[in-house]
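Examining the three-dimensional arrangement
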Amino acid sequence: MQKSKRHFLIINLFLPLVLASCATNNLAKDLKPVTPEKTIYNAPYFSNPEIDYVYKATINVYRNELSGIFIAKKINDATHRVVFTTEFGNKLLDFEISETNFKVNSIVDELNKKIIITTLKKDFRLILRSNYIINEQLEDEKSKVFKSDEGTNYNYLYINKSDEKLYKIVSASKRKEKIRIDFASEKNNIADTIVIQHYNIKLRIKLIFFKPN
(Lines give C-alpha, C1' and ligand atoms only; values in the text may rest on other atoms or scores of the structure.)
Protein backbone atom coordinates (compact mmCIF):
# COMPACT_ATOMS: atom_id res chain seq x y z
CA MET A 1 0.00 0.00 0.00
CA GLN A 2 2.83 2.44 0.87
CA LYS A 3 4.56 1.79 -2.47
CA SER A 4 1.29 2.31 -4.37
CA LYS A 5 0.65 5.62 -2.62
CA ARG A 6 4.21 6.74 -3.29
CA HIS A 7 3.90 6.03 -7.04
CA PHE A 8 0.54 7.85 -7.18
CA LEU A 9 2.16 10.89 -5.55
CA ILE A 10 5.11 10.85 -7.96
CA ILE A 11 3.02 10.92 -11.11
CA ASN A 12 0.85 13.71 -9.71
CA LEU A 13 3.95 15.75 -8.93
CA PHE A 14 5.21 15.52 -12.49
CA LEU A 15 1.93 16.02 -14.35
CA PRO A 16 2.17 19.85 -14.19
CA LEU A 17 5.33 19.72 -16.35
CA VAL A 18 3.12 20.18 -19.40
CA LEU A 19 2.42 23.76 -18.27
CA ALA A 20 4.95 26.44 -19.24
CA SER A 21 5.60 30.15 -18.72
CA CYS A 22 7.75 32.66 -20.57
CA ALA A 23 11.00 34.37 -19.61
CA THR A 24 13.33 36.80 -21.34
CA ASN A 25 16.93 35.95 -22.09
CA ASN A 26 19.05 38.80 -20.71
CA LEU A 27 22.07 36.65 -19.92
CA ALA A 28 24.66 38.44 -22.01
CA LYS A 29 23.59 42.06 -21.54
CA ASP A 30 26.07 42.72 -18.71
CA LEU A 31 28.85 40.54 -20.12
CA LYS A 32 31.58 41.56 -22.54
CA PRO A 33 33.03 39.20 -25.17
CA VAL A 34 36.70 38.25 -24.91
CA THR A 35 39.03 35.96 -26.83
CA PRO A 36 38.29 32.34 -25.79
CA GLU A 37 41.06 30.88 -23.67
CA LYS A 38 40.10 27.30 -24.57
CA THR A 39 38.00 25.34 -27.05
CA ILE A 40 36.83 22.63 -24.62
CA TYR A 41 35.84 22.95 -20.98
CA ASN A 42 36.30 19.83 -18.85
CA ALA A 43 33.58 19.82 -16.21
CA PRO A 44 35.02 18.90 -12.79
CA TYR A 45 31.98 17.31 -11.14
CA PHE A 46 31.00 13.63 -11.47
CA SER A 47 34.27 12.95 -13.29
CA ASN A 48 35.91 10.35 -11.03
CA PRO A 49 34.93 6.74 -11.91
CA GLU A 50 36.06 5.58 -8.46
CA ILE A 51 33.41 7.64 -6.65
CA ASP A 52 29.74 6.82 -6.18
CA TYR A 53 28.12 10.25 -6.11
CA VAL A 54 25.22 9.88 -3.68
CA TYR A 55 22.86 12.77 -2.98
CA LYS A 56 19.75 13.40 -0.93
CA ALA A 57 17.27 14.69 -3.50
CA THR A 58 14.29 16.97 -3.04
CA ILE A 59 11.97 17.68 -5.95
CA ASN A 60 9.47 20.54 -5.85
CA VAL A 61 6.79 20.67 -8.53
CA TYR A 62 4.42 23.58 -8.00
CA ARG A 63 3.30 23.13 -4.36
CA ASN A 64 4.21 19.47 -4.08
CA GLU A 65 7.43 17.98 -2.72
CA LEU A 66 9.06 14.57 -3.13
CA SER A 67 12.24 13.32 -1.42
CA GLY A 68 14.52 10.51 -2.52
CA ILE A 69 18.09 9.41 -3.23
CA PHE A 70 20.04 10.31 -6.38
CA ILE A 71 23.08 8.16 -7.26
CA ALA A 72 25.44 8.82 -10.18
CA LYS A 73 28.40 6.69 -11.25
CA LYS A 74 30.80 7.20 -14.15
CA ILE A 75 30.95 3.76 -15.78
CA ASN A 76 33.30 4.59 -18.69
CA ASP A 77 34.97 7.59 -20.32
CA ALA A 78 31.72 8.88 -21.84
CA THR A 79 28.84 7.42 -19.83
CA HIS A 80 27.27 7.84 -16.41
CA ARG A 81 24.70 5.60 -14.79
CA VAL A 82 22.01 7.34 -12.76
CA VAL A 83 19.67 5.66 -10.27
CA PHE A 84 16.88 7.45 -8.43
CA THR A 85 15.08 5.80 -5.53
CA THR A 86 12.50 6.72 -2.93
CA GLU A 87 13.61 7.18 0.67
CA PHE A 88 12.21 3.68 1.30
CA GLY A 89 14.67 2.17 -1.21
CA ASN A 90 12.22 1.55 -4.06
CA LYS A 91 13.96 2.12 -7.42
CA LEU A 92 12.13 4.67 -9.55
CA LEU A 93 14.47 4.90 -12.52
CA ASP A 94 17.80 3.67 -13.83
CA PHE A 95 19.37 5.60 -16.74
CA GLU A 96 22.65 5.49 -18.67
CA ILE A 97 23.60 8.90 -20.05
CA SER A 98 26.39 10.22 -22.26
CA GLU A 99 26.71 13.38 -24.35
CA THR A 100 25.24 11.60 -27.36
CA ASN A 101 23.42 8.50 -26.06
CA PHE A 102 20.67 7.79 -23.59
CA LYS A 103 19.40 4.43 -22.35
CA VAL A 104 16.57 3.60 -19.96
CA ASN A 105 17.53 0.46 -18.02
CA SER A 106 14.37 0.57 -15.95
CA ILE A 107 11.64 2.98 -14.91
CA VAL A 108 8.42 2.56 -12.96
CA ASP A 109 5.26 2.78 -15.04
CA GLU A 110 4.15 5.90 -13.21
CA LEU A 111 7.25 7.79 -14.42
CA ASN A 112 7.36 6.27 -17.90
CA LYS A 113 6.02 9.41 -19.56
CA LYS A 114 7.79 11.18 -22.41
CA ILE A 115 7.75 14.63 -20.80
CA ILE A 116 9.15 13.31 -17.52
CA ILE A 117 11.94 11.33 -19.20
CA THR A 118 12.83 14.22 -21.52
CA THR A 119 12.99 16.72 -18.65
CA LEU A 120 15.15 14.52 -16.41
CA LYS A 121 17.41 13.51 -19.31
CA LYS A 122 18.11 17.19 -20.02
CA ASP A 123 18.78 17.98 -16.36
CA PHE A 124 21.02 14.98 -15.74
CA ARG A 125 22.95 15.47 -18.97
CA LEU A 126 23.74 19.07 -18.04
CA ILE A 127 25.21 18.18 -14.62
CA LEU A 128 26.95 14.98 -15.74
CA ARG A 129 28.46 16.06 -19.05
CA SER A 130 32.22 15.66 -19.07
CA ASN A 131 33.13 18.12 -21.81
CA TYR A 132 31.59 21.26 -23.26
CA ILE A 133 32.71 22.64 -26.63
CA ILE A 134 33.31 26.36 -26.20
CA ASN A 135 31.99 28.60 -28.98
CA GLU A 136 32.36 31.96 -27.23
CA GLN A 137 33.72 33.44 -24.02
CA LEU A 138 32.33 36.38 -22.08
CA GLU A 139 33.13 37.90 -18.71
CA ASP A 140 32.32 40.41 -16.01
CA GLU A 141 34.28 41.44 -12.92
CA LYS A 142 33.45 38.26 -11.01
CA SER A 143 33.14 35.55 -13.64
CA LYS A 144 34.29 34.23 -16.93
CA VAL A 145 31.49 32.65 -18.89
CA PHE A 146 31.92 29.93 -21.50
CA LYS A 147 29.12 29.75 -24.04
CA SER A 148 28.53 26.30 -25.55
CA ASP A 149 26.08 25.93 -28.44
CA GLU A 150 23.72 22.96 -28.34
CA GLY A 151 21.45 22.88 -31.38
CA THR A 152 19.06 25.82 -31.05
CA ASN A 153 19.94 26.24 -27.37
CA TYR A 154 22.98 27.62 -25.56
CA ASN A 155 24.68 26.60 -22.34
CA TYR A 156 26.42 29.32 -20.33
CA LEU A 157 29.01 28.02 -17.87
CA TYR A 158 29.95 30.48 -15.11
CA ILE A 159 33.44 30.12 -13.64
CA ASN A 160 34.47 32.12 -10.58
CA LYS A 161 37.64 34.04 -11.40
CA SER A 162 38.92 33.89 -7.84
CA ASP A 163 39.02 30.08 -7.46
CA GLU A 164 38.27 28.77 -10.99
CA LYS A 165 35.23 26.81 -9.73
CA LEU A 166 32.20 26.14 -11.88
CA TYR A 167 29.34 27.66 -9.88
CA LYS A 168 26.49 27.97 -12.38
CA ILE A 169 25.16 26.66 -15.69
CA VAL A 170 22.31 28.34 -17.51
CA SER A 171 20.60 26.68 -20.47
CA ALA A 172 18.76 29.12 -22.72
CA SER A 173 17.26 29.65 -26.13
CA LYS A 174 17.69 32.91 -28.03
CA ARG A 175 14.61 34.32 -26.34
CA LYS A 176 14.44 32.87 -22.87
CA GLU A 177 16.29 31.17 -20.07
CA LYS A 178 15.13 27.59 -19.55
CA ILE A 179 17.20 25.98 -16.80
CA ARG A 180 19.56 27.33 -14.15
CA ILE A 181 21.88 25.03 -12.20
CA ASP A 182 23.74 26.36 -9.16
CA PHE A 183 26.70 24.51 -7.65
CA ALA A 184 28.24 24.96 -4.20
CA SER A 185 31.56 23.19 -3.74
CA GLU A 186 34.21 23.02 -1.04
CA LYS A 187 36.47 20.98 -3.30
CA ASN A 188 36.97 21.50 -7.02
CA ASN A 189 35.90 17.97 -8.00
CA ILE A 190 32.72 17.45 -5.94
CA ALA A 191 29.59 19.60 -5.87
CA ASP A 192 28.28 19.54 -2.31
CA THR A 193 24.98 21.15 -3.28
CA ILE A 194 23.26 21.32 -6.66
CA VAL A 195 20.06 23.25 -7.31
CA ILE A 196 18.29 22.81 -10.65
CA GLN A 197 15.66 25.48 -11.30
CA HIS A 198 13.42 25.48 -14.37
CA TYR A 199 12.09 28.78 -15.70
CA ASN A 200 9.47 27.53 -18.14
CA ILE A 201 7.93 25.06 -15.68
CA LYS A 202 7.59 25.17 -11.91
CA LEU A 203 10.16 22.49 -11.19
CA ARG A 204 13.06 22.68 -8.74
CA ILE A 205 15.46 19.86 -7.84
CA LYS A 206 17.92 20.14 -4.94
CA LEU A 207 20.73 17.63 -4.41
CA ILE A 208 22.82 17.49 -1.22
CA PHE A 209 25.92 15.29 -1.25
CA PHE A 210 26.23 12.55 1.33
CA LYS A 211 29.71 13.09 2.75
CA PRO A 212 31.53 9.97 3.98
CA ASN A 213 32.15 9.86 7.72
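Higher on the page you've got the structure.
Read on for a plain summary of the structure. Owing to the predicted nature of the structure, the values given are computational and were not obtained by experimental measurement.

Secondary structure summary: the protein chain contains two helices and 15 strands in total. Across the 213 residues of the protein chain, 49% fall into the buried class. In the protein chain, 47% of the contacts between residues at least 6 apart in sequence involve partners at least 24 apart. Here the protein chain has roughly 11300 Å² of accessible surface; of this, 49% comes from carbon and sulfur atoms.

Moving on to the pattern of salt bridges. A full pass over the atoms with the stated rule returns 12 salt bridges. In this structure, the salt-bridge partner of K144 is E37, at a minimum N-O distance of 2.9 Å. Pair noted here: K144 is in strand β10 (residues 143-150) and E37 is in the loop between β1 (32-34) and β2 (40-42), with a separation of 107 residues, a long-range link. Accessibility expressed as a relative area gives 9% for K144, which makes it buried. Assessed through its relative accessible area of 46%, E37 is described here as partly exposed. For K122, the salt bridge is made with E150, and the minimal N-O distance between the two is 3.5 Å. One end of the pair, K122, is in helix α2 (residues 114-128); the other, E150, is in strand β10, and 28 residues separate them in sequence.

As a further point, take the packing of aromatic side chains. If you walk through the whole model with that rule in mind, you get 10 aromatic pairs. With a centroid separation of 6.2 Å and 65° between ring planes, the pair formed by Y55 and F70 is classed as edge-to-face. One end of the pair, Y55, is in strand β3 (residues 52-61); the other, F70, is in strand β4 (residues 64-74), with 15 residues separating them in the sequence. Summarising the burial analysis for this pair, Y55 and F70 share the class buried. Members of the aromatic cluster, joined through ring pairs, are F46, Y53, Y55, F70, F95, F102, F124 and F209.

Calculation criteria
- Residues numbered from 1 in each chain as written.
- Predicted model: local features only at pLDDT ≥ 70, side-chain atom pairs only at ≥ 80, totals over all residues.
- Heavy atoms only, no water.
- Helix = DSSP H or I, 4+ residues; strand = E, 2+ residues; numbered from the N terminus.
- Buried < 20%, exposed > 50% of the residue type's maximum accessible area, 1.4 Å probe, protein only.
- Contact = heavy atoms within 4.5 Å.
- Areas by Shrake-Rupley, 256 points an atom, 1.4 Å probe, with all protein chains shown as cover.
- Salt bridge = Lys/Arg side-chain N within 4 Å of Asp/Glu carboxyl O.
- Phe/Tyr/Trp six-rings, centres within 6.5 Å; stacked < 30°, edge-to-face > 60°.

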